[in-house]
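Remarks on the overall topology
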Amino acid sequence: MSVFISYIFLGLSLAAPIGPINAAQLDRGIKSGFFYAWIIGLGSVAADIVYMCAVYLGMVHFIEIPFVKAFLWLFGFFVLVYTGIESVLSAVNLQADDRGNANSYIKTFFTGFFMAISNPLTILFWLGIYGSILAKTSATLATDQLMLYSFAIILGLLIWDFAMAAVASSFRRLLTPQLLRTISVISGLSLIGFGAYFGLQAFHLLF
């Protein structure tokens, strides 16, 4: 049981560092409430599961190809910059009592999914951390135990997703309209900043 809990904490530690998904969850929770922030996190977790499966199936070498890496950096650049600009522009008309239902749950889910699936830092993590865990545990543990510990990592990611959505929606209720707009603009600018970093990495790889 202690080993299972340690893998849950590993999942929490993976999700905790401030990055595009956390910024997007904060922005979406402030604008539209708990469920939108939670669903954007679920999209991110779905992308994480895709990468876990890719590493498990041995697709590491394909993702390591320079052209594929460059494509992923560029894709991440466009997704993050677009989402960030959309966030900044919509913050201008943000009101404390707005529910922000313009985006469907499905669109919100895929926003989180594409932001995570196009994040090369996420890819590098799954290749590095999960890949090493896979190499270590597969040699000593049965497949069912490996699946159990992988589930523990996913559970940690889901717990963090829920916590972030709760915090973001709480901010929505507590803050004034001006502060809501300010935080939303900062969140959008941070997404644009992450996107610019991704674009720079793509440029270095290509040129």
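Nothing here was measured: the structure is a model prediction, and the numbers come from that model.

The subject of this paragraph is the overall build of the chain. Along its length, the chain carries nine helices and zero strands. Secondary structure elements of the chain, listed N to C terminal, follow the sequence α-α-α-α-α-α-α-α-α. Evaluated residue by residue, the chain yields a buried proportion of 44% over its 207 residues. Of the roughly 10,500 Å² of accessible surface on the chain, a fraction of 75% belongs to carbon and sulfur atoms.

According to the stated counting rule, one finds 14 aromatic pairs in the structure shown. Ring geometry for F35 and W38: centres 6.2 Å apart, planes at 70°, overall edge-to-face. Of the two residues, F35 and W38 are both situated in helix α3 (residues 34–56); the distance of three residues between them amounts to about one turn of the helix. Between F75 and F114, the ring centres sit 6.1 Å apart and the planes meet at 90°, which makes this aromatic pair edge-to-face. Note that F75 is positioned in helix α5 (residues 66–91) and F114 in helix α6 (residues 105–117), a separation of 39 residues in sequence. Residue classification places F114 among the partly exposed positions, given a relative accessible area of 35%. Among the aromatic residues, those joined into a ring-pair cluster are F75, F109, F110, F113 and F114.

The subject of this paragraph is the side chain of D48. Take D48: it is sitting in helix α3. Buried within the structure, D48 lacks any salt-bridge partner; R28 is the closest side chain of opposite charge, at an N-O distance of 17 Å. Not counting residues up to four positions away in its chain, the partners in contact with D48 are T122, W126 and L157.

A contiguous nonpolar patch, built from I65, F67, F71, F75, I106, F110 and F114 and spanning about 710 Å² of accessible area, is present on the exposed surface. Listing elements by their share of the nonpolar patch, those giving two or more residues are α5 and α6.

Glancing now at the environment of T83. Within the fold, T83 resides in helix α5. A residue is classified by how much of its surface remains accessible, and T83, at 8% relative accessible area, is buried. Linking T83 and M115, residues 32 residues apart in sequence, is a C-alpha distance of 8.9 Å.

Secondary-structure assignment places N22 in helix α2 (residues 20–32). Residue N22 is classed as buried on the basis of its relative accessible area, which comes to 6%.

Okay, α3 next. The first and last C-alpha atoms of α3 sit 33 Å apart over 23 residues, in line with the 33 Å expected at 1.5 Å per residue. Just downstream of α3, G58 is the residue with a positive phi angle, here 80°.

Before going further, it helps to spend a moment on the confidence of the model for the chain. Atomic detail in the predicted coordinates should be set aside for any region of low pLDDT. On average, the chain scores 78 in pLDDT, and the residues at 70 or more come to 79%. Here residues 96–101 scores under 50 on pLDDT; set against residues more than four positions off or in separate chains, the count is 15 contacts.

Before going further, it helps to spend a moment on the packing of α3 against helix α8 (residues 143–174). The geometry of a pair of packed helices is captured by two quantities: the angle between their axes and the separation between those axes. Two elements in contact, α3 and α8, have axes whose closest approach is 9 Å; the angle formed by their N-to-C orientations is 155°. One finds that α3 runs roughly antiparallel with respect to α8. Once α3 is placed against α8, the crossing between them reads as right-handed. Together, F34, A37, W38, G41, L42, V45, D48, I49, M52 and Y56 of α3 and T143, L146, M147, S150, I154, L157, L158, D161, F162, A165, A166 and S169 of α8 make up the contact between the two elements. The residue inventory of the contact of α3 with α8, partitioned by class, reads 16 nonpolar, four polar and two charged.

Criteria and cut-off values
- Residues numbered from 1 in each chain as written.
- Predicted model: local features only at pLDDT ≥ 70, side-chain atom pairs only at ≥ 80, totals over all residues.
- Heavy atoms only, no water.
- Helix = DSSP H or I, 4+ residues; strand = E, 2+ residues; numbered from the N terminus.
- Buried < 20%, exposed > 50% of the residue type's maximum accessible area, 1.4 Å probe, protein only.
- Areas by Shrake-Rupley, 256 points an atom, 1.4 Å probe, with all protein chains shown as cover.
- Phe/Tyr/Trp six-rings, centres within 6.5 Å; stacked < 30°, edge-to-face > 60°.
- Lys, Arg positive; Asp, Glu negative; His and termini not counted.
- Salt bridge = Lys/Arg side-chain N within 4 Å of Asp/Glu carboxyl O.
- Contact = heavy atoms within 4.5 Å.
- Patch = residues over 30% accessible without salt bridge, like charges linked within 9 Å, V, L, I, M, F, W, Y side chains within 5 Å.
- Expected span 1.5 Å × (residues − 1).
- pLDDT = per-residue confidence, 0-100.
- Axes fitted to C-alpha atoms, helices over the stretch in contact; angles between N-to-C directions.
- Parallel < 35°, antiparallel > 145°, perpendicular 65-115°, else oblique.
- Left-handed = near helix turned anticlockwise from the far one by under 90°.
- Nonpolar A, V, L, I, M, F, W, Y, C, P; charged D, E, K, R; others polar.

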